[in-house]
Amino acid sequence: MSRFFKAGSDSESETESSEDDEIIQQRPSAAPVQSRTFQFSDDEDDSRRIVRSAKDKRFDEMTNIIQQMKNHKQIKDMANVLNDFEALIKAADKAKKVIQEEGVPRFFIRCLFDLEEYANECWEDKEWRKSISKNNSKSFTSLRQKLKKYIREKYEKEVNDYKENPDQGDDDKRDETPAPQDEESEDEVDTSVKAPVKPKLPAPPVIKKQLPKSMDDDDDDDDDIDWDSSDDSVESDIDDEQFDTGKLTAEYFLKKSDSGTSKKEKKRKEPKQMKLEETDEEGDWEEVKGGAPLIMERPKMFGKDQEINVDAVLKKLYEITSARGKKGTDRNEQIELLKELREIAETNNLGLGIDVKLYFNIIGAIFDYNPNTLTSMRNDVWESCLSYLQTLLNILIDHPEVNVGEHIKEDDENLTEAPLYVRGCFLTLVEKMDEEFTKMLQSCDAHSTEYVERLQDERQVCDILEKTLRYLEIKGTTLEISRIYLKRIEHLYYKFDTSCVYTGDNEPKKEGTSEQTMDKLCKFLYTSETPDRLRTRAILCHIYHHALHNRWFQARDLMLMSHLQDNIGHSDIPTQLLYNRTLVQLGLCAFRQGNIRDAHNALVDIQSSNRAKELLAQGLLPNRQNERTPEQEKIEKRRLFPYHMHINLELLECVYLVSAMLLEIPFMAAHEMDVRRRMISKNFHHVMKMSERQTLIGPPESMREHVVAASKSMKTGDWKACKNFIINDKMNAKVWDLFFQPDKVRDMITVKIQEESLRTYLFTYSNVYDTLSLHTLAEMFELDMSVVHRIISKMIINEELMASLAEPTQTVIMHRTEPSRLQSLALQLSDKFLTLVENNERILEVKQGIYPFQNKRDRNDRQPGTSAAFQHHTQGEGYGPPTSKSVTNNQHWNRRNNKNYSRESRNY
Amino acid sequence: MATRKQRAPVQYVQLDGLVVLKLIKHCQEEGAGGTDLVQGVLLGLVVDNRLEITNCFPFPRHSEDQEDFNEVQYQMEMMRNLRHVNIDHLHVGWYQSTYFGTFINRPLIDSQYNYQDSIEESVVLIYDPLKTTQGFLSVKAYRLTPAMMKFHSENDFTTENITKHGMTFDKMFEEIPVVTKNSHLVNSLLCNLEEKDKEADKFNFLDLATSSMLQKNLRQLMECVDATTMDINKYLNCQRQIMRQQQAKQQYLQKRQQDNAMRAQRGEPPLPEEDLNKLFKPLQSPPRLDCLLYSGQIDNYCQQISSFSTQSLGKLFMAESLQNDGQSN
C-alpha cells in the first residue's frame with residue numbers, strides 16, 4: 001500500500017521539473033524503478049532480493065564510502081576526504097552497469113552536491129585555509145578541482161536538479177519504492193517513456209549536436225563518452241536505435257528542444273569546448289571522420305569530372321590507408337575499396353608502378369583483415385590472397401625494371417618512369433603468407449577433410465616460394481636470399497623423398513632430388529653472411545633431412561660438427577623445438593641403422609620427461625603444477641606444428657623402449673649384484689615397475705605391454721618369445737610398418753634381440769655351467785658360430801665374463817672367479833660396516849675432551865666385534881681370502897682415517 | 001595391585017598348544033604367508049612364577065577407510081564374550097608375526113611399554129612363520145626390562161639420559177623362556193596320530209638351501225646398517241654444531257671479560273650481564289632411541305644368522321658324511 005502512495009508522491013515531486021502531462025502518467029511505473037529501487041529493504045520478498053543483490057552490493061559500497069566521507073568532512077581531514085571521493089568515483093564506476101539500469105542513485109547525487117557545497121564553504125573560509133597543513137591544503141585544492149570536473153563531466157544535470165529541490169531526496173530516503181511490477185508495460189512504452197522521463201538529461205542536445213556535424217558518423221560513442229556515458233546507456237541505446245531505424249526525424253527533436261533545455265545546453269557547450277582544448281582524448285574525433293566518410297561515399301570514388309591521374313589515385317590511396325587500424329574502419333570495405341581503386345587505375349592506364357603499389361596495399365589489407373592474431377583467415381580471403389600474391393609475383397618477374405624493397409622511402413618512390421621504384425617488400429608478404437598458412441592448418445581439425453583441402457594449398461605456397469626464390473636470386477640481397485632459402489628449406493626438410501634413399505646398389509644418383517636441393521640451399525646458407533638463427537635452423541633442417549632419408553653418418557657428423565647441443569639452450573623457442581624434432585629424427589635414423597646406443601642416447605632426453613608431446617610441439621599437455629595463463633596457452637598453441645609435420649609419438653616411444661630394452665636387460669643381468677645399481681634408462685625402469693605393480697598381467701595389448709613382456713622373456717634369455725612380443729601383427733600395424741622399408745628394420749631388430757639375449761643368458765646362467773659348447777649356443781640362439789664367437793670373445797675381453805675359449809673343442813670354460821651372490825652381499829655388508837665404524841669414530845673424535853662418555857667406547861668395540869664374528873661364519877661357507885683381507889684393510893683404514901680426522905679436528 | 005607387584009617376576013611362559021595353533025593359523029590365513037604382519041591378543045593367567053597363556057584371539061584386519069572401527073571396544077567385547085563361555089579372559093600380552101626377525105622397532109617398543117605399564121606381567125610373543133615352514137617352530141616371548149621401562153617412562157631419549165640409565169641395545173628386551181604344554185588328552189591324541197601317519201615328511205628341517213635365507217638376512221642387515229649410519233651421521237652433524245656453538249660462546253665470554261677488564265681499568269662500571277642462553281640457544285641433540293633400536297635389530301639379525309649358520313654347518317657335515325657313505329658303499 002505504501003508503495004503506491006509513495007510512487008504517487010514521487011511522481012508528484014517530479015512533476016514540477018517535468019513538462020509533459022502524458023509523460024507523467026506513465027512515469028510512476030518507470031521512473032521510480034530507475035531512480036530508487038536501490039532502497040528496497042526488509043519487506044520485499046526473497047526472490048526480488050536475489051535479483052538485486054549485485055546492485056545492493058554496489059550501492060552499499062557507495063553508501064559506506066559516503067558515510068566515511070561525512071565523518072572525515074566533520075574533522076576537515078581533507079586528505080581523507082579526497083581519498084574517499086576517489087574511492088567513491090571508483091565505486092560509481094564499478095556500479096556503472098547498475099546505474100545504467102537503475103538510474104543514478106539519489107544519495108550519490110546528494111553526496112556530490114553536499115561535497116561541492118562543503119568545498120565552496122571551506123574555500124570561503126580563508127582563515128581556516130591558512131591554518132591547515134600543507135598536505136591538507138594541497139589535498140583540498142585537488143579535491144575541489146576533481147570534484148568540479150567530475151560533476152561537470154558526468155552529473156551536472158542531476159546535481160543541478162538536486163539543487164532545485166534538495167528536500168525531495170531526504171523525504172524519500174527511507175521510502176519503499178514500488179517494484180517494477182509492470183515490466184510488460186515497461187517494454188511497450190520503452191522508448192516513449194524513457195526518452196521523456198529524462199527530459200533534463202542531455203540526450204536531446206547530444207543528438208542535436210551530432211546531427212549537423214555528421215549524419216554519417218555511425219558510431220557516436222566518442223561523443224557520448226565525453227559527457228554522459230556513465231550517465232545512462234539506455235539513452236545512448238536509444239540514440240543508436242534512432243540512427244539505425246531512421247526514426248531520427250526533425251520533429252522528434254523539435255518536440256523536446258523547446259523543453260527548456262536550451263539553457264543547459266549552452267552551459268554544457270562551454271565546458272565541452274574547454275575540454276576539447278584540455279584533453280586530447282577527443283582528438284580522435286576528427287580522424288574517425290576522416291576514414292568513415294570515405295566509406296560512406298564509396299560508390300563515387302572520384303568526382304565525375306575529376307581527372308584521374310597518378311597523384312589523385314595516390315591521394316585516394318593515402319586516404320584509404322590512413323583509416324587503417326582505426327576503430328571504426330570496416331576492414332572488408334577497405335579491401336574492396338583498394339580493389340576498386342586498382343581497377344580504376346588500371347582502366348585509366350596509370351602504369352605498372354601504381355599497379356604494383358596497389359597490389360602491395362591490397363595484400364597488406366588482406367593480411368590486416370583478421371584483427372585477432374590467433375584465429376586464421378577465412379578460406380575465401382586466403383584464396384584471394386594467394387591469387388593476388390601470385391599475380392603480383394608474376395608482374396614482378398615479368399618486369400624486371402620494377403624495383404621493390406623496404407629500403408625505398410616513400411619520397412623516393414618512382415611510379416611513372418622507367419626504372420620504377422616501389423616501396424614494399426615482397427619477401428615479407430611471402431613470409432606473412434607462410435605464417436598464415438601454418439595458422440590455418442593449426443586451426444583446422446587435423447583429421448577432417450578441411451585439413452586435407454588446406455594442405456592442398458601447400459603446392460601453391462611452395463610454388464610461390466620457389467618463384468620468389470628465383471626472383472630474389474636475381475634481384476635480392478644476400479639476406480633476402482637467405483630468408484627465402486630458409487623458407488624453402490622449411491617446406492622441404494620434413495618431406496620424405498623415396499628417390500633419395502639409396503638401396504645400397506650402385507645406381508646412378510638421380511638429378512633434382514630433394515637431397516640435392518637441400519644440399520644446395522643449406523650450403524649457401526652456411527657459407528653466406530647470414531644471421532646465426534637462419535644458419536642454425538638450416539643446419540637442423542639439413543640434419544633432419546639426412547636422418548629422414550637414412551643417411552645416418554652425414555646426419556650425425558653434421559650434428560656433431562655444428563656443436564648445437566652446447567648452445568641450443570640460448571636460442572629461441574621455435575628453434576629449440578626444431579632441435580628436438582631433429583634429435584628425435586636422428587634417433588629414429590640411428591635405430592633403423594642398428595645403432596641402438598646412439599638411438600637411445602638421442603631419444604633419452606625427450607622420452608625421460610614424459611613430455612614428448614610438448615617438447616615436439618605436437619600438442620599441449622595439461623600442466624599439473626601451475627596452470628598456465630590463457631596468454632601462455634595461446635603462445636604455446638601458436639608454436640604447435642601442423643599435423644602433417646608430426647612425428648609419430650608411439651613409434652618414438654616404442655623405438656626408445658626397444659633400444660632401452662636391448663641395452664638395459666644385459667646390463668641389469670651383468671650388474672645384478674652391484675651395490676648401487678645405476679640404470680641406463682629411468683623411463684624403461686619405470687615402465688617395468690609399473691607392470692610389476694599390476695596384480696594381474698594379461699596378454700600384452702598396448703605397445704608398452706608388448707615391450708615389457710619382451711623384456712621379461714629376454715631376462716631369461718628366451719629370445720624367441722622376446723622376438724615374438726616385439727615383432728608381431730599388432731606391433732607391425734602399430735609401429736614397424738610406419739618405417740620406410742619395415743622388413744629391414746625388423747630383420748635388424750631380430751638380430752639384435754638374438755645377440756643381446758645371448759649376452760643376457762651368459763650373464764645370468766654362467767654360474768651354472770662349467771663349460772659351454774659354442775655349437776649349442778649357436779643353435780640355441782640361431783646365430784652363426786662366428787657371431788657367437790665374436791660376442792663371447794668381446795665379453796671375455798671386457799671382463800664381463802670370467803671364462804676362456806678352448807678353440808679345439810669350441811667350448812667356453814668358465815673360471816668361476818666371480819663371487820657368488822651371497823659373497824658379494826657379504827662384501828657389500830663389510831663395506832657398510834666400515835663406513836659405520838668410520839662414522840662412529842668420527843663421533844668419538846668430536847666428543848674427545850668435551851665430556852666423558854664411556855659407554856660409547858664399549859659400543860664401539862662391540863660393533864666391529866659382531867661383524868668379525870659374522871665374517872667368521874661366512875668363512876665357514878668357503879669364503880676365504882677376501883674377508884681376512886678386508887679385516888686387515890679395515891684396521892689399515894682406521895689408522896689412516898684417524899690421522900685424517902686428527903688433522904680435520906684441528907681445523908674445527 | 002600392590003600385592004601383585006610384590007610377586008616374583010614371571011620366570012617362564014607356558015604356552016598352550018591351542019595358542020600356538022591359533023597363532024599359526026592366523027598368520028597363515030591373513031599374513032599372506034608371512035610377508036604381512038599380524039597381531040593379536042594373548043589371554044591367560046599368572047601362576048606362581050610362570051605365565052600361562054591359554055588362549056588368544058587376533059586383531060581383526062580393517063582397511064584404512066573404516067575409521068570408525070574401535071579396536072579397544074572390539075577387544076573388550078571379545079573378552080566379555082569369552083568370559084561368558086567361561087574361557088580365560090585375562091589380558092596378558094599380545095603377539096606379532098615377524099618377517100626375518102624384523103621386529104625391534106619403535107611401534108613395538110611403544111605398545112609393549114603401554115602393555116607393561118598397565119598390565120605388569122604382559123609379554124609379547126614373536127612368531128616367525130618363515131622359520132616355522134622350515135621345520136623350526138619359532139615362538140619367542142619378550143618383555144621390556146625394568147630399566148627400559150623406567151627409561152621409556154621419562155620419554156627423554158637424549159644421550160645424557162641414556163648414559164644416566166646405562167641403557168644399551170642389549171638391555172632393552174629380555175627374553176623369557178617359552179614352554180609349550182598340552183593337556184594329557186591332546187598328548188595322547190598326538191601319539192595316536194603319529195602312529196597312524198607314518199609317511200609324514202618330517203625332514204624339511206634338513207633343507208640344505210642355505211644361501212637364499214642368508215641372502216635375505218644379509219639384505220635386511222644391510223638396510224639396518226644403512227639406517228644406523230644415517231642416524232650416526234645426523235648425530236655427528238649435531239655434535240659439530242654444538243662444538244661450533246661452544247667455541248662461539250667461549251669467544252664471546254672471553255671478549256666480555258677483556259672488555260670488562262678494560263672498563264675496570266678506566267673505572268667504568270662493567271657491562272651488564274646478558275642471558276647467554278638467549279644469545280646461544282642450546283641445540284637439541286637428536287633422540288638416540290632409534291639408534292638403540294637399530295643396534296638391537298642388528299644384534300638380533302646377527303644372532304639369527306649365527307644360529308642359522310651353525311645349524312647349516314651341521315647339516316652340511318651330515319650331508320657330507322652321508323655322501324661319503326653312499327660312495328664307499
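For clarity, every value in this text was computed on a predicted model and none was experimentally measured.

1. Considering the sheet that holds strand S8 (residues 178–181) of chain B
Residue and element names in this part refer to chain B.
And then number 1: One open sheet accounts for 8 strands, arranged S7-S6-S5-S4-S2-S3-S1-S8; its pairing is mixed. The strands lining the two open edges of the sheet, one partner per strand, are strand S7 (173–176) and S8. Averaged over neighbouring strand pairs, the angle between their axes works out to 35° when direction is ignored.
And then number 2: Pairing analysis gives 4 bridges linking strand S1 (residues 12–16) to strand S3 (residues 50–58), with the strands arranged parallel. Looking at S3, one finds that Tyr-12 is bridged to Arg-50.

2. Considering the pattern of salt bridges
Residues and elements named next belong to chain A.
And then number 1: One pass over the structure, following the stated rule, counts 33 salt bridges over all chains.
And then number 2: A salt bridge links Lys-495 to Glu-458, with the shortest nitrogen-to-oxygen separation between them at 3.0 Å. In this pair, Lys-495 is assigned in the loop between helix H24 (478–490) and helix H25 (514–527) and Glu-458 in helix H23 (residues 449–475), connecting sequence segments 37 residues apart.
And then number 3: The structure contains a network of salt bridges with shared partners spanning Asp-434, Lys-487, Glu-490 and Arg-537.

3. Some remarks on the packing of helix H18 (residues 310–322) of chain A against helix H20 (residues 352–368) of chain A
Residues and elements named next belong to chain A.
And then number 1: Here H18 crosses H20 at 10°, and the two axes come no closer than 12 Å. Taken together, the axes of H18 and H20 lie roughly parallel to each other. Touching Val-310, Val-313, Leu-314, Leu-317, Tyr-318 and Thr-321 of H18 are Ile-354, Lys-357, Leu-358 and Asn-361, all from H20.

4. Digging into helix H3 (residues 71–84) of chain B
Residues and elements named next belong to chain B.
And then number 1: Between its first and last C-alpha atoms H3 spans 20 Å; for 14 residues at 1.5 Å apiece the expected length is 20 Å, and the two agree.
And then number 2: Taken as a whole, H3 has its buried residues at Gln-75, Met-79 and Leu-82. Buried residues of H3 fall within an arc of 60° about the axis and therefore sit on the same side. Turned more than 90 degrees away from the buried face of H3 sit Gln-73 and His-84, all of them exposed.
And then number 3: Packed against the buried residues of H3 are strand S2 (39–47), S3 and strand S4 (91–97).
And then number 4: One or two positions beyond H3, positive phi appears at Asn-86, with a value near 65°.

5. A short note on the sheet that holds strand S3 (residues 771–773) of chain A
Residues and elements named next belong to chain A.
And then number 1: Reading across from one edge, S3-S5-S4 is the order of the 3 strands in this open sheet, with antiparallel pairing throughout. Since the sheet does not close on itself, it has two edges, and those belong to S3 and strand S4 (803–806), each with one partner. Strand-to-strand, the axes of this sheet are offset by a mean angle of 25°, without reference to chain direction.
And then number 2: Sheet topology note: the S4/strand S5 (residues 811–814) ladder contains 4 bridges and is antiparallel. Paired with Leu-805 across the two strands is Val-812, which belongs to S5.

6. Remarks on the pairing of S4(B)
Sheet faces and side chains relate simply in a regular strand, where the side chains alternate between the two faces.
All names here are of chain B.
And then number 1: In terms of burial, S4 is largely enclosed, as 7 of its 7 residues are buried.
And then number 2: In terms of strand pairing, S2 meets S4 through 5 bridges, oriented antiparallel. The residue of S4 that forms the bridge with Leu-42 is Gly-93.
And then number 3: As defined by bridge partners, S4 adjoins strand S5 (residues 123–127) across 5 bridges and the pair is classed as parallel. Within S5, the position partnered with Gln-96 by the bridge is Ile-126.
And then number 4: Handedness of the crossover is the feature at issue here: the chain leaves S4, passes through helix H4 (residues 106–118), returns alongside S5, and the resulting connection is right-handed.

7. Re the packing of aromatic side chains
And then number 1: Summed over all chains, the structure comprises 18 aromatic pairs over all chains.
And then number 2: A ring pair is formed by A:Tyr493 and A:Tyr494, whose centres lie 5.5 Å apart and whose planes are at 80°; its orientation type is edge-to-face. With respect to burial, A:Tyr493 and A:Tyr494 carry one shared label: buried.
And then number 3: Here the aromatic rings of B:Trp94 and B:Tyr115 are separated by 5.8 Å at their centres, their planes lie at 5°, and the arrangement is stacked. Taken together, the residues B:Trp94 in strand S4 and B:Tyr115 in helix H4 connect sequence positions 21 residues apart.
And then number 4: Classification of B:Tyr115 as buried rests on a relative accessible area of 13%.
And then number 5: Members of the aromatic cluster, each reached through a chain of ring pairs, are A:Tyr761, A:Tyr765, A:Tyr769 and A:Phe781.
And then number 6: Above the plane of the ring of A:Phe641 lies A:Arg581, whose end atom (NZ or CZ) is 4.3 Å from the centre.

8. A closer look at helix H27 (residues 552–562) of chain A
Residues and elements named next belong to chain A.
And then number 1: Residues of H27 that are buried: Trp-552, Ala-555, Leu-558 and Met-559. Down the axis of H27, the sector holding all buried residues measures 145°, keeping them to one side.
And then number 2: If you follow the buried residues of H27, they end up packed against H25, helix H26 (532–548), helix H28 (564–567), helix H29 (573–592) and helix H30 (596–608).
And then number 3: His-563 occupies a position one or two residues after H27 and carries a positive phi of about 55°.

9. Focus: a nonpolar patch on the surface
Residue and element names in this part refer to chain B.
And then number 1: A cluster of nonpolar side chains, Leu-185, Val-186, Leu-189, Leu-190 and Leu-193, forms an exposed patch at the surface whose accessible area comes to about 470 Å².
And then number 2: Along the polypeptide, Leu-185 turns up in helix H8 (residues 184–196).
And then number 3: The class of Leu-185 is exposed, set by a relative accessible area of 68%.

10. Describing the nonpolar core
Residue and element names in this part refer to chain A.
And then number 1: Counting 155 residues, the largest nonpolar core has Phe-591, Met-661, Ile-726 and Trp-736 as its most contacted members.
And then number 2: A total of 13 residues in this core trace back to one element, the largest contributor, which is helix H33 (residues 649–670).
And then number 3: If we skip the residues at most four places from it in the chain, Trp-736 touches Phe-591, Cys-654, Val-658, Ile-726, Ile-727, Met-731, Pro-742, Val-745, Arg-746 and Ile-749.
And then number 4: Counting 36 residues, the second-largest nonpolar core is a separate cluster that includes Met-69, Met-78, Val-81 and Tyr-155.

11. A word on the confidence of the model for chain B
Residue and element names in this part refer to chain B.
And then number 1: Residues with a pLDDT of 70 or more make up 90% of chain B, whose mean pLDDT is 81.
And then number 2: Mean pLDDT across the secondary structure elements of chain B bottoms out at helix H1 (residues 2–6), with 44, and peaks at S5, with 89.
And then number 3: Taken together, the stretch residues 1–6 has pLDDT below 50 and engages in 5 contacts with residues farther than four places along the chain or on a different chain.
And then number 4: The ipTM value of the predicted complex is 0.76, and its pTM value is 0.55.

12. A closer look at a negative patch on the surface
All names here are of chain A.
And then number 1: Taken together, the side chains of Asp-114, Glu-117, Glu-121, Glu-124, Asp-125 and Glu-127 present a region of like negative charge at the surface.
And then number 2: Within the secondary structure, Asp-114 sits in helix H6 (residues 106–124).
And then number 3: In this structure Asp-114 comes out as partly exposed when scored by relative accessible area, which is 30%.

About the cut-offs
Residues numbered from 1 in each chain as written. Chains lettered and ligands numbered in written order. Predicted model: local features only at pLDDT ≥ 70, side-chain atom pairs only at ≥ 80, totals over all residues. Heavy atoms only, no water. Pairing = 2+ DSSP bridges. Helix = DSSP H or I, 4+ residues; strand = E, 2+ residues; numbered from the N terminus. Axes fitted to C-alpha atoms, helices over the stretch in contact; angles between N-to-C directions. Salt bridge = Lys/Arg side-chain N within 4 Å of Asp/Glu carboxyl O. Parallel < 35°, antiparallel > 145°, perpendicular 65-115°, else oblique. Contact = heavy atoms within 4.5 Å. Expected span 1.5 Å × (residues − 1). Buried < 20%, exposed > 50% of the residue type's maximum accessible area, 1.4 Å probe, protein only. Arc of directions from axis to C-beta. Right-handed = clockwise from strand over helix to strand, strands pointing away. Phe/Tyr/Trp six-rings, centres within 6.5 Å; stacked < 30°, edge-to-face > 60°. Lys NZ or Arg CZ within 6 Å of the ring centre and 35° of its normal. Patch = residues over 30% accessible without salt bridge, like charges linked within 9 Å, V, L, I, M, F, W, Y side chains within 5 Å. Areas by Shrake-Rupley, 256 points an atom, 1.4 Å probe, with all protein chains shown as cover. Core = buried A, V, L, I, M, F, W, Y, C linked by side-chain atoms within 4.5 Å. pLDDT = per-residue confidence, 0-100. Lys, Arg positive; Asp, Glu negative; His and termini not counted. Charge placed at Lys NZ, Arg CZ, Asp CG, Glu CD.

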